[in-house]
Amino acid sequence: MQTVVGIDVGTTKICTLVGEVDNQGGMKIVGVGIAEAQGMRKGVVNDVQKATEAVAASIQKAERTSGYKITRAHVSLAGHHVSSTNSMGVVAVSGDAGISHADIDRALDAARAVSIPHGREIIHIIPRGFTVDGQDGVRNPLGMHAFRLEVEAHIVTAALTALLNLSKCIEGVNVQVDEMVLNSIASAEAVLTDTEKEMGVILADIGGGTTDLAVYIDGMVWHTKVIPVGGNHVTHDLAIGLRLPFNTAEKVKIERGHARARDVESGATFDVQPYAEGGIVRISRHDMAQVIEPRMQEVFHLILTEAKRSGYDGLLSAGLVLCGGTAQLPGLRALAQDEMQMPVRVASPQNLSGLTDVLHSPAFATSVGLLRWGIQEHTPLKTRRSGGEWGRRLKNVLRLLLPDNREA
Ligand SMILES: Nc1ncnc2c1ncn2[C@@H]1O[C@H](COP(=O)(O)OP(=O)(O)OP(=O)(O)O)[C@@H](O)[C@H]1O
Ligand SMILES: [Mg+2]
């Protein structure tokens, strides 16, 4: 029995999950700790002390529910500082037994040799596909006879300072960071189906502070991006538009918000009392939707622009999959479909057992995804190269590299 821990450090909430993995790979959630986020802005830490306190509260709750002492965890990463690029690595293959793990490692090493600006660190190197002696589209080159091996890899980098600040918050409560995992890649583990990944899909995790994107084609990650706009912006717009304090705006958004004004009856109103001493204010749901809709249209416009910029917009047959807390906004799926002109589905984590009451929600895609990512790392192939810095990074790579051989 393996125990995996994930800490999703979001802009609005910190969620620590403890999962137990049985020998068949099934996962049971045994610990859940959700705490309100502090000291975070647009996915990054902007007050280490406050963020550390929030992380500590979340970890304590998860420890209490699970009875497990948390010493290490997979941690989610977001923020506008994250960027990605694609790179090729080429090596000559030697030996009679065909392409070995070592050859694949060397090819990825070669792909890694792109110039990374000073002050940035590589988070993920994920193979998108291999070319073996000129034959492209090879998924798993292991054991193939060849003279030349090329890998095309997706490389995700992040600002070193942002990484250090995030690590500080986790290590400040005596928990070691096993690995930082990009939000969108973690969420994809929890909500995308294999078929969607094969067909071509764009995942958008619309949280409080950021919208995290990942494009999957042919089963692999081809493109990632963090857009610094999320549900908090909608709440701000409502606070200004309706002259409400932020907390009241947040509450009315969650209880009465709608993303498509034309679907809301124009006469529908409700009353709120924004200030304890103040009077009652009457709010029209239609007016609210008219504030929410353009902001969400902007988010979809940014997603579409990014899909086009990546050059893969024509390959997304499975369309758009939405998760993150904001995906719960009524009418959002229909609005997304209007704006994006592609199939859209809102997704929550599935196939969970144990303490799952709150987790069947789009808001917990990243938290559950961190555990799924963590499980895969425990298979023998993933730990083969653990140890050194590069070996640690390779664990990211190997889990995606040989999906069919996970149990090997
Ligand atoms: N039912 C709902 N309708 C509309 N919005 C909602 C609903 N429930 C939550 N939200 C919004 O979802 C956002 C929080 O989402 P989530 O929990 O995914 O964010 P996070 O992970 O903390 O932040 P991020 O990933 O951006 O750093 C908030 O803006 C909140 O207002
Ligand atoms: Mg999030």
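Residues numbered from 1 in each chain as written. Chains lettered and ligands numbered in written order. Predicted model: local features only at pLDDT ≥ 70, side-chain atom pairs only at ≥ 80, totals over all residues. Heavy atoms only, no water.

## Description of the layout of surface pockets
We apply this condition: Grid points spaced at 1 Å over the protein atoms alone were grouped into cavities, where a 1.4 Å probe fits but cannot get out, and pockets, open sets with protein on both sides within 12 Å along at least five of seven lines, with lining residues defined by an atom within 4 Å of a point. Grid points are joined across faces, edges and corners, and a volume is the space filled by probe spheres set on the points. A helix here means a DSSP run of H or I that spans at least four residues, while a strand means a run of E at least two residues long, and both kinds are numbered starting from the N terminus.
Estimated volume of the largest pocket: approximately 990 Å³. Around the largest pocket, the lining is made up of 39 residues, and of these Thr12, Lys13, Gly208, Asn232 and Glu250 lie nearest the centre. Of all the secondary structure elements, the ones that give two or more residues to the lining of the largest pocket are strand E1 (2-9), helix H6 (231-242) and helix H7 (246-256). The element contributing the most residues to the lining of the largest pocket is H7, with five residues.

## Examining the site of ligand 1
For the record, the criterion: Note on terminology: near, applied to a residue and a molecule or strand, indicates that one of the residue's heavy atoms is within 4 Å of it. Polar contacts, as counted here, are pairs of nitrogen or oxygen atoms within 3.5 Å of one another; within protein the pair requires one atom able to donate a hydrogen and one able to accept it, and residues that are adjacent in sequence qualify only if both atoms are side-chain atoms. Only the protein chains shown count as cover for residues, with accessible areas throughout obtained via the Shrake-Rupley method and a probe of 1.4 Å. Cavities and pockets are treated as containing a molecule whenever more than half of the molecule's atoms lie within 2 Å of their grid points.
Taken together, 20 residues are adjacent to ligand 1, and Thr11, Thr12, Glu250, Lys253 and Gly325 come closest. Gly325 is positioned such that a nitrogen or oxygen atom in its backbone is 2.8 Å from an oxygen atom of ligand 1. The backbone of Thr326 places a nitrogen or oxygen atom 3.2 Å from an oxygen atom of ligand 1. Protein burial of ligand 1: of its 650 Å² of free accessible surface, 91% is covered by the chains. Placement of ligand 1 is best described as lying within the largest pocket. Secondary-structure elements contributing two or more residues to the shell around ligand 1 are H6 and H7. It is H7 that provides the largest number of residues to the shell around ligand 1, a total of three residues.

## Details of the pairing of strand E8 (residues 120-132)
Stated formally: Each residue is assigned to one of three classes by its accessible area relative to the maximum for its type, calculated with a 1.4 Å probe on protein chains only: buried under 20%, partly exposed between the two thresholds, exposed over 50%. Should DSSP find at least two bridges between two strands, the strands are regarded as paired.
Most of E8 is tucked away, with 10 of its 13 residues classed as buried. Both E8 and strand E10 (residues 148-159) contribute to a ladder of 11 bridges, which runs antiparallel. Paired with Thr131 across the two strands is Glu150, which belongs to E10. Note that E8 and strand E9 (residues 135-138) share two bridges and pair antiparallel. The residue bridging Val132 from the neighbouring strand is Gln135, located in E9.

## Comments concerning helix H9 (residues 332-340)
Residue pairs spaced three or four apart in an α-helix point in one direction, given the helix's 3.6 residues per turn. Put simply, the rule reads: This arc corresponds to the set of directions leading from the helix axis out to the C-beta atoms.
Among the residues of H9, those classed as buried are Leu332, Leu335, Ala336 and Met340. The arc that holds the buried residues of H9, viewed along the axis, is 115°, so those residues lie on one side. In the stretch just after H9, Gln341 is the one whose phi turns positive, near 55°.

## Description of the pattern of salt bridges
The condition that has to hold: Counted as salt bridges are all cases of a side-chain nitrogen of Lys or Arg within 4 Å of a carboxyl oxygen of Asp or Glu.
Here the structure, examined in full by the defined rule, presents 17 salt bridges. A salt bridge links Lys13 to Asp8; the shortest N-O distance between them is 3.9 Å. With relative accessibility at 3%, the residue Asp8 sits in the buried group. The salt bridge partner of Glu152 is Arg128, with a shortest N-O separation of 3.4 Å. Highlighted residues: Glu152 in strand E10 and Arg128 in strand E8, separated in sequence by 24 residues. Relative accessible area serves as the criterion here: at 9%, Arg128 is assigned to the buried category. One salt-bridge network, held together by shared partners, links Arg260, Arg262, Asp263 and Asp338.

## Quick look at the domain arrangement of the protein chain
Many authors give the size of an interface as the accessible area that is lost as the parts come together. Inclusion rule: Reported domain spans reflect what an automatic or database domain assignment gives.
We note that the domain assignment places domain 1 (83-158 + 393-401) and domain 2 (231-295) within the protein chain. On a C-alpha basis, the centres of domain 1 and domain 2 stand 50 Å from each other.

## With respect to empty space enclosed by the protein
Rules: Three classes are used: nonpolar for Ala, Val, Leu, Ile, Met, Phe, Trp, Tyr, Cys and Pro, charged for Asp, Glu, Lys and Arg, and polar for all others, with Gly counted as polar.
Under the definition given, this model contains one cavity of 30 Å³ or more. Each pocket or cavity is described by its volume, and for the largest cavity that value is around 70 Å³. Around the largest cavity, the lining residues are Val9, Met40, Gly43, Val44, Val45, Ser76, Leu77, Ala78, His81, Ala162 and Leu166. Among the residues forming the lining of the largest cavity, the class breakdown is eight nonpolar, three polar and no charged.

## Observations regarding the packing of H6 against H7
Put simply, the rule reads: In this analysis an axis means a line fitted to C-alpha atoms, helices contributing only their contacting stretch, and an angle means the value between N-to-C directions, from 0 to 180 degrees. Roughly parallel means an angle under 35 degrees; roughly antiparallel, over 145; roughly perpendicular, 65 to 115; everything else is oblique. Working rule for handedness: look at the near helix, and if it is turned counterclockwise from the far one by less than a right angle, call the crossing left-handed; if clockwise, right-handed. A contact between two residues is defined here by any heavy atoms of the two lying within 4.5 Å.
Direction vectors running N to C along H6 and H7 enclose 110°, while the axes themselves pass 8 Å from each other. With respect to each other, H6 and H7 are oriented roughly perpendicular. Here H6 runs over H7; the crossing is right-handed. Note on element contacts: H7 touches H6 through Phe246, Ala249, Glu250 and Lys253, opposite Gly231, Asn232, Val234, Thr235, His236, Leu238 and Ala239. A per-class count over the contact of H6 with H7 returns five nonpolar, four polar and two charged.

## Examining the sheet that holds E9
Pairing is antiparallel in the open sheet, where four strands are placed in the order E7-E10-E8-E9. At either end of the open sheet lies a strand with only one pairing partner, and these are strand E7 (83-92) and E9. Strand-to-strand, the axes of this sheet are offset by a mean angle of 35°, without reference to chain direction. Where helix H3 (residues 160-171) meets the sheet, its contacts fall on E8 and E10, and the angle it forms with E10 comes to roughly 70°.

## Remarks on unusual backbone geometry
One non-glycine residue, Asn174, lies in positive phi territory at about 60°. Mapping Asn174 onto the fold places it in the loop between H3 and strand E11 (176-182). Of the residues examined, Asn174 reaches a relative accessible area of 67% and is grouped as exposed.

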